[in-house]
4 protein chains.
Amino acid sequence: MTSVIDAGLVADQNAKLDAQLQADYEGLGGMLTRRGLDIDKLTALAQTFAVAVPSWGAGTGGTRFARFPGRGEPRNVFEKLEDCAVIHQLTRATPSVSPHFPWDKPTDASELRETAKALGLAFDAVNSNTFQDQQGQEQSYKFGSLTSTSAAVRAQAVAHNIECIEIGRAIGSQALTVWVGDGANFPGQHNLRGALERYLDSMREIYAALPSDWNVFIEHKLFEPAFYATTIADWGTSFACATELGPKAKCLVDLGHHAPNTNIEMIVARLAQFGKLGGFHFNDSKYGDDDLDSGSINPFQLFLVFNELADAARREGEAFKPAYMLDQSHNVTDPIESLMSSAAEVQRAFVQSALVDRAVLTGLQEQNDVLEAAQTLKRAFRTDVSPILAMARVRAGGAADPVACYRASGYRDRVAGLRPAKAGASGSGIV
Amino acid sequence: MTSVIDAGLVADQNAKLDAQLQADYEGLGGMLTRRGLDIDKLTALAQTFAVAVPSWGAGTGGTRFARFPGRGEPRNVFEKLEDCAVIHQLTRATPSVSPHFPWDKPTDASELRETAKALGLAFDAVNSNTFQDQQGQEQSYKFGSLTSTSAAVRAQAVAHNIECIEIGRAIGSQALTVWVGDGANFPGQHNLRGALERYLDSMREIYAALPSDWNVFIEHKLFEPAFYATTIADWGTSFACATELGPKAKCLVDLGHHAPNTNIEMIVARLAQFGKLGGFHFNDSKYGDDDLDSGSINPFQLFLVFNELADAARREGEAFKPAYMLDQSHNVTDPIESLMSSAAEVQRAFVQSALVDRAVLTGLQEQNDVLEAAQTLKRAFRTDVSPILAMARVRAGGAADPVACYRASGYRDRVAGLRPAKAGASGSGIV
Amino acid sequence: MTSVIDAGLVADQNAKLDAQLQADYEGLGGMLTRRGLDIDKLTALAQTFAVAVPSWGAGTGGTRFARFPGRGEPRNVFEKLEDCAVIHQLTRATPSVSPHFPWDKPTDASELRETAKALGLAFDAVNSNTFQDQQGQEQSYKFGSLTSTSAAVRAQAVAHNIECIEIGRAIGSQALTVWVGDGANFPGQHNLRGALERYLDSMREIYAALPSDWNVFIEHKLFEPAFYATTIADWGTSFACATELGPKAKCLVDLGHHAPNTNIEMIVARLAQFGKLGGFHFNDSKYGDDDLDSGSINPFQLFLVFNELADAARREGEAFKPAYMLDQSHNVTDPIESLMSSAAEVQRAFVQSALVDRAVLTGLQEQNDVLEAAQTLKRAFRTDVSPILAMARVRAGGAADPVACYRASGYRDRVAGLRPAKAGASGSGIV
Amino acid sequence: MTSVIDAGLVADQNAKLDAQLQADYEGLGGMLTRRGLDIDKLTALAQTFAVAVPSWGAGTGGTRFARFPGRGEPRNVFEKLEDCAVIHQLTRATPSVSPHFPWDKPTDASELRETAKALGLAFDAVNSNTFQDQQGQEQSYKFGSLTSTSAAVRAQAVAHNIECIEIGRAIGSQALTVWVGDGANFPGQHNLRGALERYLDSMREIYAALPSDWNVFIEHKLFEPAFYATTIADWGTSFACATELGPKAKCLVDLGHHAPNTNIEMIVARLAQFGKLGGFHFNDSKYGDDDLDSGSINPFQLFLVFNELADAARREGEAFKPAYMLDQSHNVTDPIESLMSSAAEVQRAFVQSALVDRAVLTGLQEQNDVLEAAQTLKRAFRTDVSPILAMARVRAGGAADPVACYRASGYRDRVAGLRPAKAGASGSGIV
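Just so it is clear, the structure is predicted and the values come from calculations on it, not from any experiment.

How each quantity is defined
Starting afresh in each chain, residues are numbered from 1 along the sequence in its written order. Chain labels run from A onward and ligand labels from 1 onward, assigned in the order the entries are written. Reporting in this predicted model follows two pLDDT cut-offs: at least 70 for local features of residues, and 80 or more for side-chain atom pairs to be given and counted; totals over whole chains, interfaces and linings ignore these cut-offs and use all residues. Computation of side-chain values: all heavy atoms of the structure, hydrogens and water removed. Between two residues, a contact is recorded if the distance between any of their heavy atoms is within 4.5 Å. The buried area of a pairing is the accessible area, by a 1.4 Å probe, that goes missing from both parts when the two are put together, added over both. Salt bridge, as applied in this entry: a Lys or Arg side-chain nitrogen positioned within 4 Å of an Asp or Glu carboxyl oxygen. For this analysis, a polar contact is any N or O atom pair within 3.5 Å, provided that within protein one partner can donate a hydrogen and the other can accept it, and provided that sequence-adjacent residues contribute only side-chain to side-chain pairs. Ten residue types, Ala, Val, Leu, Ile, Met, Phe, Trp, Tyr, Cys and Pro, are classed as nonpolar, four, Asp, Glu, Lys and Arg, as charged, and the remainder, Gly among them, as polar. Ring pairs are drawn from Phe, Tyr and Trp, using the six-membered ring of Trp, whenever the two centres fall within 6.5 Å, and their geometry is named by plane angle: stacked under 30 degrees, edge-to-face over 60, tilted for the rest. Counting from the N terminus, the helices are the DSSP runs of H or I reaching at least four residues and the strands are the DSSP runs of E reaching at least two. Here's how the labels work: a residue is buried when its accessible area is under 20% of the maximum for its type, exposed when over 50%, partly exposed in between, all with a 1.4 Å probe on protein chains only. Two strands pair under a simple rule: DSSP has to find at least two bridges between them. The handedness of a crossover follows from its direction of travel: if, with the strands pointing away from the viewer, the path from the first strand over the helix to the second runs clockwise, the crossover is right-handed. We superpose the copies by least squares over the C-alpha atoms of residues that have a pLDDT of at least 70 in both of them. Any two cysteine sulfur atoms within 2.5 Å of one another count as a disulfide.

### Some thoughts on the interface of chain D and chain B
Contacts between chain D and chain B engage 58 residues on the former and 58 residues on the latter. When the two sides are added together, the surface that chain D and chain B hide from each other amounts to roughly 4,800 Å², 66% of it contributed by carbon and sulfur. A per-residue breakdown of the area chain D buries against chain B is headed by Arg64(D), Lys142(D) and Tyr287(D), which together make up 15% of the total. Among the salt bridges present, the one from Arg64(D) reaches Asp289(B), with a minimum N-O distance of 2.8 Å. Connecting chain D to chain B are 12 residue pairs in polar contact (both at pLDDT 80 or more). Among the residues forming the side of chain D that touches chain B, the class breakdown is 26 nonpolar, 21 polar and 11 charged.

In structure tokens:
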């Protein structure tokens, strides 16, 4: 495996932090021991955690008002992979990349797969794109794709998804994520039921093209780009469609795609109960699909999601393996830094959820000892497991402090020289 | 049929308005003719409309902060029926009453049924109550009812629902509405999945007790009285449960029970598409489950709901018969006045939705003529069908202006004398 | 004044509709007479209504996901003016245009002013832009503009605003609208108070540059492009800043810039009461700053806003003149059609608000006759004043049916030929 | 000072936990030392923290649907004081009680004051009640109190507030909190501006009655009990009114009284900047005014509020002293347990906010090092300061683990015997 960041630098950086980490680890270990927990087991558990990074997350994001590019943004899928390799090298928590087509469409799929492999990476779920028109594309998605009233548009969108499956097979993926922004901006624009019927017809064709060991993930979203009625707007619709389609179809939960005040952890519990929890797009939000860094706005909510996942894992056993992916837009930070710290935030919630003694919790719930049941979760959430996360990284060959190590490496400066900015990239002109 | 309001008074009141109503009706009829519509057919259609009134709606509602009683509030189910009879006599749109047990539990069910019949009323869906503790009740619902961790509590709640079915049979009802406020106020209080499993177990027992021609309606609600996680919080959960239970189980949509910004008409479309739309609790809201008068806050939304119902009726034909009920809390108005004008608002939306030429709309949707499709709905909604509603009432023996007629009748003054207020009824003391 | 659309065509189109319009007008007039209202006075009132159109609204809008261009989009300020002239010619309700700099920056301001004048147009409030980086710009607004921690950035942003005032003076404007998207995406990114202090410092410099007969409008917005904390997020902040700055500073209310469930008409009442209501950006929304066509989602809310404006006008008299502007994003409709029908929707609410007898309403409010007070507003809102709007247009030389007339004119086809689409304009690449 | 809980029991309980607390304290102290912080200084700081408890919080709360009483609920103000004394004895963080009139109206104010003093308690802000009708009250608040259209109703409400001030003086309070639920349930019910004008007139009379060293706190709330338009609905209105009234009038922030998605910490920053931050009602919420335990739903938000308070304290110095009060409804927990753990949660946020090196943070903000600025706050929030809180309690004579100690004391069992439940207390009958 190629190390993008010099392994010696990582070792040097870790050495500087070693004494502090050991002391913090011992201090935390003592506290956990007094609570009947074994820190090393938790560290080993932390090392099992993996979350995919989205290829597009390596670039700077923006809004409809503007995009302010960063330095050294990757210009193609190979440069994106290089950035992703940095993230995994330092965090040891992001061994796979979720590509997006046609943005990342390779001329030679096996070359792409080999490049990833050489960087220590594999490919996670592939993402199709029928929310934009590509140059030279025959049909426009202006009025919808899989739900379009035009059979030709739907056929084009279906064919694109099937092509995504084919590329995905070639690069070792096993799942297709279908997000469509299709919907209406005005009451009356769509026949709401007709649109979903056409969606299901289109999806049945895509479903039929899935290899036997693949899944298709249906991603719902309340609004944006459609502003009155989004065809796949909520988990209820996603669930009903996944049920219609069959066992390979599952629901994907993006943490920013819900109505205000929605209890997301309960949706997780519901989908797990009914066998349709496919996976996650992790991020955080305060208003809408803000695509902020995971855990940056409401870290307790992220913990509560993992609390449900821990409950489901206890019930379902090995079979329970939802796909984890980050899906964030990095508008004002270095994407590599945001993805590294976000991976750690999700991993943190995973480890914290393991601190809960579920037998004790169940007992408190059965006795309606509400206050103590609530405190049981709060105590786990309050535990600062940072030393466990750092030790898990170090033991796996990563960096004790990934952001500091990355900054010390000068990687961004180096690629800024190699990857000149595209002219006129700023200002979308869309208001 | 006994007329609670003197029929002569109604006739006199109508006579005073006759000239104006005839002129308005002709004026509107002319406009509709120029648009290719026949006003008399619409009036005949309006006369087919019916919405149930809730027995509890006849009393003054309140909040957890206070309740400010009105004059002459009904003290028992017979007085409630009398008030409901006034509403139907004047509106001719509310031929049935939805009772709530144990509040309306009769000592003699056949007497209750006959009394209603004599007043021209029948009974709609019966409502169970497991969100309060009744005096002398063995088990408390403080920590849940159908979802309780206690088998004894669940058994009591199931038995109560089955008793509701029995009373319902005796009074001629054909549906049971189950709303449970069960849920948690704290993360950790419940095992979210366990609570729903217990709910389903309880509901299976209730379902088994349903007569062959009955339905059970599952009513979801986002929050209140539970403030962190409500077990039946959204239509997705309601739909999944109704699917689990079987064909007699359907979903009930209360317009105030959704997260902010939710597109309710789309939920209506989804439930209709998947065969699970049981009925409605009509009201309006701006913030939460405000239980305001139907159409008082967002009348266009009410129209859009009926636009979906018209679409479903066109597709499903005779088989499509969701149950309509008002469910409002009248805190600052005379409940009879609010229920009469609310019934008219729902009827208004029903008639307006019939103004839409669905073939034309479909054509515009297929051509993506978004602006004209939207305007097609707006034009129907903008049409002031008040003269149609008034004429429909007059032709059926009701009042041209129900509120004015009611005020002229002096009914409230009369019952205020007969129904003295309970002492100390104001001020819930709950903050 | 140059007619962009052939005046003969307009006359022909109107002639076709004349009989129907006369009949509808008479029918409505009869109904209004029976309610004590004079339709011709209302038509004359309707003719006094004016709302500005935004220059950028003439182009197709988009989202961060994609923009799907329309045909014949204007490529510069002169083509935008031509489109705006069509809108005003047919609606007679949009005599002014609100320009946006630097997008519309003229090389010769007096030429621009004369061109507008020749088209029958004037310039309304000018809009500055410090939410995007322009090519060749020295300082970047990536981390803020008027609130930036960098004095150089703030100076550049202040200078741009002052330049906007200067151009505005040259083209006959009398107001500057300042909207800044400045804010933070992460807790900790900003010192929340420091950012507002810097904003006020910058605004004081801009305020000082205002001519004596100018106003500056502060536009608040809850979120987007900032997703954690927007510096000018709510009307409270806008009001406090306008108070700090002085009498020329007023608040602008955009209908889509509020938290969910906000009662916008009450904000209008508050700002009017405290003397700080500067004007409006009209549009509609269901979720966020959706920038949908005015009145397309919640027309009753638009009416209630005008109900407050009517109340304020009655209290304040002539002095009360808030600025009205449309601010919409036309993603799936022809922008000219949307702007014409939206202008009519706003005008509709204005006319409907004039149907309310405010003395009667006040009496009902004082007696706490809640139901009748509410019905008084509903009756005004339910009145379909379309014939008044059409007659007002026809009497002023516009089109009875602006959209039909525009379609008949073939204007879009004509400009599509003259204004070739820019290559590669679709797909923002921002996700 | 009388100890309600046996001091020997507290000592015994603390002794059992002593070894673990010492070890945890040392472990945390070591970690903090490695980060340049002195744990004992933080413990001393924690000991300076105080938050008032509301007298009504000692009883079980409920919703409009039901109230499920707990055992041993206090039946009068003296029993409430006894419960509050327990809370302060064990937490050493709640030295004052906020009473509510007429609920807590004493026959002998000095007796009340002395009783409190003997229990180690003082009185914080007094609360008036014009949202309920009391038995024998002449005027009803059904249609408003301070905003009523009736002069007699307003006079009664003003007089009640002035009486609250008088009682408050007698028991040693220095502030009056005015919350009015006044508002409208229907568009048209109120003249929105007229209602606020009357509010201001009423408040001017109350303001005039304030002693020179008193403050009046204006508490805003988005909705409930009014469901369309609440007169004091948002911080903008509260701020404008406080400004109109004068320097003794300030704004009170209740964490559950805002629109969905509102950034509450920014409101705190704004009010601090403009000199109008009076104080807080701490609680937590997910949907509306849920009145859940502080920090139970979104603990990071509570931290961010204290982060702003720490910033304000740094800027304002000694002068900055907002009033802190808990305001929660304990529906499913023992109120004493909830108030003890909630006081600790607020104190936790206070201590965590002191972990932030503000000079470092300012530097990161000025350099736009967004990621590190955000991480600086997150690191402080992640630090589990539980040992500091426990040690602060023990050093001040309180309990290491207040809930465990309280349970061990058998206090609830004891008072359950002494305070029989009122018959028929369950079930509000309001739906």
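### Quick notes on the packing of aromatic side chains
Residues and elements named next belong to chain D. Going through the model one piece at a time under the given rule, you end up with 84 aromatic pairs over all chains. Residues Trp235 and Phe239 carry aromatic rings whose centres are separated by 5.9 Å and whose planes lie at 50° to one another, so their mutual orientation is tilted. Taken together, the residues Trp235 and Phe239, both in helix 7 (residues 235-245) and four residues apart, mark about one turn of the helix. We note that Trp235, like Phe239, is buried. Judged by centre distance (4.9 Å) and plane angle (55°), the ring pair of Phe300 and Phe381 falls under tilted.

### Focus on the pairing of strand 10 (residues 277-282) of chain A
All names here are of chain A. For strand 10, a buried count of six out of six residues is recorded, marking the element as mostly surrounded by other parts of the structure. Here four bridges tie strand 9 (residues 249-254) to strand 10, and the two strands are oriented parallel to one another. Of the residues in strand 10, the one forming a bridge with Cys251 is Leu277. You can see the chain leave strand 9, run along helix 8 (residues 264-273) and come back into strand 10, and the turn it takes is right-handed. For strand 10 and strand 11 (residues 323-326), the ladder comprises four bridges, and the chain directions are parallel. Its bridge partner being in strand 11, Gly279 is matched across the sheet by Ala323. Following the backbone out of strand 10, through helix 9 (residues 299-316) and into the adjacent parallel strand 11, one traces a crossover that is right-handed.

### Thoughts on the relation of the copies chain D and chain B
For the pair chain D and chain B, the relating rotation is 180°, the translation along its axis is 0.0 Å, and the fit reaches an RMSD of 0.0 Å. These values place the two chain copies in the arrangement generated by a two-fold rotation axis. It is Arg64(D) whose C-alpha, among those of chain D, lies nearest the rotation axis, at 2.1 Å. A shared binding surface is used by both copies, with 100% of the interface residues of chain D retained as interface residues in chain B.

### Quick notes on the state of the cysteines
Throughout the structure, instances matching the rule amount to zero disulfides over all chains. No disulfide involves Cys164(A); its nearest neighbouring cysteine sulfur is the one of Cys84(A), lying 18 Å away. Looking at Cys164(A), the relative accessible area reads 1%, which means it is buried. Lacking any disulfide linkage, Cys84(B) is separated from the closest cysteine sulfur, that of Cys405(B), by 17 Å.

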